[in-house]
Amino acid sequence: MRADAHPVTPDGHYFVVRGRLWRRSNPSLPEEQRAALVSELMTARRAVGAALRAADKAHLAEARAQVDRAKVALGERGPVWWQDGSPDLNRHLVVNTPYAGWLREQDSAL
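Keep in mind that this is a model prediction, so the values were computed, not measured. Throughout this document, residue positions are counted from 1 along each chain, in the order its sequence is written. Since the coordinates come from a predicted model, pLDDT governs what is reported: local features require at least 70, and pairs of side-chain atoms require 80 or more to be given and counted, while whole-chain, interface and lining totals use all residues. Water and hydrogen atoms play no part in the side-chain values, which are based on all heavy atoms of the structure.

**Brief notes about the packing of aromatic side chains**
Now for step 1: Any pair of Phe, Tyr and Trp rings, taking the six-membered ring for Trp, is counted once the centres come within 6.5 Å. Such a pair is stacked with planes under 30 degrees apart, edge-to-face with planes over 60 apart, and tilted for the rest. Scanning the model with the defined rule gives three aromatic pairs in all.
Now for step 2: Residues Y14 and Y99 carry aromatic rings whose centres are separated by 5.7 Å and whose planes lie at 70° to one another, so their mutual orientation is edge-to-face. You can see Y14 sitting in strand β1 (residues 14-17) and its partner Y99 sitting in the loop between α2 (57-74) and α3 (100-109), a full 85 residues away along the chain.
Now for step 3: Burial classification: accessible surface area is computed with a 1.4 Å probe over protein chains only, and a residue below 20% of its type maximum counts as buried, one above 50% as exposed, and the rest as partly exposed. The exposure class of Y14 is buried, given its relative accessible area of 0%.
Now for step 4: Judged by relative accessible area, Y99 falls into the buried class, the value being 11%.
Now for step 5: An aromatic cluster is built from Y14, W81, W82 and Y99, whose rings are joined through pairwise contacts. Each helix is a run of DSSP H or I of at least 4 residues and each strand a run of E of at least 2, with the numbering of both proceeding from the N terminus.

What follows is the structure in structure tokens.
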């Protein structure tokens, strides 16, 4: 699922899927680095699936750790990439955040 298929908050920090905020990748990453990290993420996600199908707990733990490392490097997890001092609201329901009014306006515009 691509972030540009979903509403993006005015500050560009999150996109919204089914009423939940998901942190966007750091937009200041060079495109080549971002592409390499996305490739690592997809490889790690495939490894998670393979480990689940094989019921291999050791490989599953390592694959999940690889997913986490890629997401942190992309800026989707870990320390926030923005400098404006706003808190990390990743995975919060929009209705419980300062973005609630903005999303209502988006919905009413449709």
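**What to know about unusual backbone geometry**
Now for step 1: Of note in the backbone geometry, R18 takes a positive phi value of approximately 45° without being a glycine.
Now for step 2: Take R18: it is sitting in the loop between β1 and β2 (20-23).
Now for step 3: In this structure R18 comes out as exposed when scored by relative accessible area, which is 78%.
Now for step 4: The residue A55 is not glycine, and still its phi comes out positive at about 55°.
Now for step 5: Among the secondary structure elements, A55 is positioned in the loop between α1 (31-54) and α2.
Now for step 6: Given a relative accessible area of 66%, A55 falls into the exposed group.

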